[in-house]
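Working through the structure, step by step
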Amino acid sequence: MLFRSVNAINLEGAERLTSEVIMSQLGISGKSIVAIDPKEIATQITDLFPGVRTVKVSAGLPASLTIKITERQPLVLWQETENTYWIDEEGVMFYAQGEAEVALIVSATGNPPAAMAETPAEAEDSTEGDVAVATTTLTRTTPAFIEALFALQNYLPEGSPLQYDPEFGLGWRDPSGWLVYFGSDISNIDLKLVEYETIIAELQAKNLTPALISLEFLYAPYYRLEP
């Protein structure tokens, strides 16, 4: 039997990832089908494309390569100075690729708090017949941080985007110009907001305009007059 080279793949389940991108990144175009290792291909895909949640690869003669994937659904758009990421409901971070509707946009100066990298149960190493299922470790933030993002969104002043700084945590830029941060734990957000209003009133009484107000620690708030 004449073994043919792989010149295309049958990609199923993709919404944003394309077969052309997979072919170019994996370098499998022109390879003989007998040189294709489905398990290796599946592992490469999960390593190269963290936005892929599950992947199964099967190869058949004379030159059939089928890749079935499910993609992670972006929940948060995380905008840093040089990079833009998506974060899904599980807290997994992956590079934004293509277009997607998100529920929340965060302007950040660094990555969010990291949870321990782990292997998702749905992507355990296994081989089901001639179908390879891949595994990978993922970069993710904590479920508690995702909850904090959406909880704080309810308190945002109109027109003020949510901000994140690794040093100060979550907050926003007040319409009057200063930055206010509440830390990454906002379980006491109502008390912190009362404290925030008290600080603003005291500063205005002194005719002072802050550059930054930190309420990360409920009983140790502080402000800066200079950036």
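Look up: the structure comes first, before these words.
Residues numbered from 1 in each chain as written. Predicted model: local features only at pLDDT ≥ 70, side-chain atom pairs only at ≥ 80, totals over all residues. Heavy atoms only, no water.

1. Regarding the side chain of Thr66
By the secondary structure assignment, Thr66 is in strand S3 (residues 64-71). Look past the residues within four positions of Thr66 in its chain and what remains in contact with it is Asn10, Glu12, Lys56, Val57 and Ser58. (Helix = DSSP H or I, 4+ residues; strand = E, 2+ residues; numbered from the N terminus. Contact = heavy atoms within 4.5 Å.)

2. Brief notes about the packing of aromatic side chains
For any pair of aromatic rings, the description rests on two quantities: the centre-to-centre distance and the angle between the ring planes. Per the stated rule, a full pass over the model turns up 8 aromatic pairs. Here Trp78 and Tyr164 contribute two aromatic rings whose centre-to-centre distance is 5.3 Å and whose plane-to-plane angle is 50 degrees, an arrangement assigned as tilted. Taken together, the residues span a long stretch of sequence, with Trp78 in strand S4 (residues 76-79) and Tyr164 in strand S10 (residues 162-165) at a distance of 86 residues. Here a set of aromatic residues connected by ring pairs shows up, and it is made of Trp78, Phe145 and Tyr164. (Phe/Tyr/Trp six-rings, centres within 6.5 Å; stacked < 30°, edge-to-face > 60°.)

3. A short note on unusual backbone geometry
Peptide bonds are trans in most cases, and residues, glycine excluded, mostly fall at negative phi. Of the consecutive residues Leu61 and Pro62, the connecting peptide bond is found in the cis state with omega at 5 degrees. Residue position: Pro62 is located in the loop between strand S2 (52-60) and S3. The phi dihedral of Asn207 falls on the positive side, at around 60 degrees, and the residue is not glycine. For Asn207, the location among the structural elements is in the loop between helix H4 (189-205) and strand S13 (212-214).

4. With respect to the pattern of salt bridges
Tallied over the entire structure, the rule returns 4 salt bridges. Close ionic contact of Glu90 with Arg53 constitutes a salt bridge, the shortest N to O distance being 3.1 Å. With Glu90 in the loop between strand S5 (84-87) and strand S6 (93-95) and Arg53 in strand S2, this pair connects stretches of sequence that are 37 residues apart. On the basis of relative accessibility, which here comes to 24%, the residue Glu90 falls in the partly exposed class. Take Arg53: its relative accessible area is 31%, and that puts it in the partly exposed class. With its nearest N and O atoms 2.8 Å apart, the salt bridge here joins Arg72 to Glu90. Of the two residues, Arg72 is situated in the loop between S3 and S4 and Glu90 in the loop between S5 and S6; the sequence distance between them amounts to 18 residues. Via salt bridges that share partners, Arg53, Arg72, Asp88 and Glu90 belong to a single interconnected network. (Salt bridge = Lys/Arg side-chain N within 4 Å of Asp/Glu carboxyl O. Buried < 20%, exposed > 50% of the residue type's maximum accessible area, 1.4 Å probe, protein only.)

5. Some thoughts on the sheet that holds strand S12 (residues 179-181)
Pairing is mixed in the open sheet, where 9 strands are placed in the order S6-S5-S4-S7-S10-S11-S12-S13-S14. Single-partner strands in this sheet number two, and they are S6 and strand S14 (222-224). Across this sheet, the average inter-strand angle for adjacent strands is 30 degrees, counted without regard to direction. Contacting S4, S5, strand S7 (104-108), S10 and strand S11 (169-173), helix H3 (residues 143-153) crosses the sheet at an angle of about 25 degrees to S11. Each of S11, S12, S13 and S14 is contacted by H4, which is oriented at about 140 degrees to S13, the strand it contacts most. (Pairing = 2+ DSSP bridges. Axes fitted to C-alpha atoms, helices over the stretch in contact; angles between N-to-C directions.)

6. Focus: the pairing of S4
Judged from the 4 bridges that link them, S4 and S5 form a sheet pairing that is antiparallel. Within the sheet, the bridge partner assigned to Leu77 lies in S5 and is Trp86. Here S4 folds back onto S5, and the loop between the two strands holds 4 residues.

7. Examining the nonpolar core
Among the nonpolar cores identified, the biggest contains 29 residues, and Trp78, Val106, Leu149, Leu152, Phe182 and Ile213 are the most heavily contacted of them. In terms of residue count, the dominant contributor to this core is H4 (6 residues). Setting aside residues up to four positions removed in sequence, Val106 forms contacts with Val76, Leu77, Trp78, Gln79, Leu149, Leu162, Gln163 and Tyr164. Membership of the second largest hydrophobic core comes to 19 residues, among which are Ile9, Met23, Ile36 and Leu65. (Core = buried A, V, L, I, M, F, W, Y, C linked by side-chain atoms within 4.5 Å.)

8. Observations concerning the environment of Leu17
Residue position: Leu17 is located in the loop between strand S1 (10-12) and helix H1 (19-26). The residues contacting Leu17, other than those within four sequence positions of it, are Leu11, Ile22, Phe49, Val52, Ile69, Glu71 and Gln97.

9. A word on H3
For H3, the complete set of buried residues consists of Phe145, Ile146, Ala148, Leu149 and Leu152. Taken around the axis of H3, the buried residues stretch over an arc of 160 degrees, which confines them to a single face. Turned more than 90 degrees from where H3 packs its buried face, Pro143, Ala144 and Glu147 sit exposed. Elements that come into contact with the buried residues of H3 comprise S4, S5, S7, S10, S11 and H4. (Arc of directions from axis to C-beta.)

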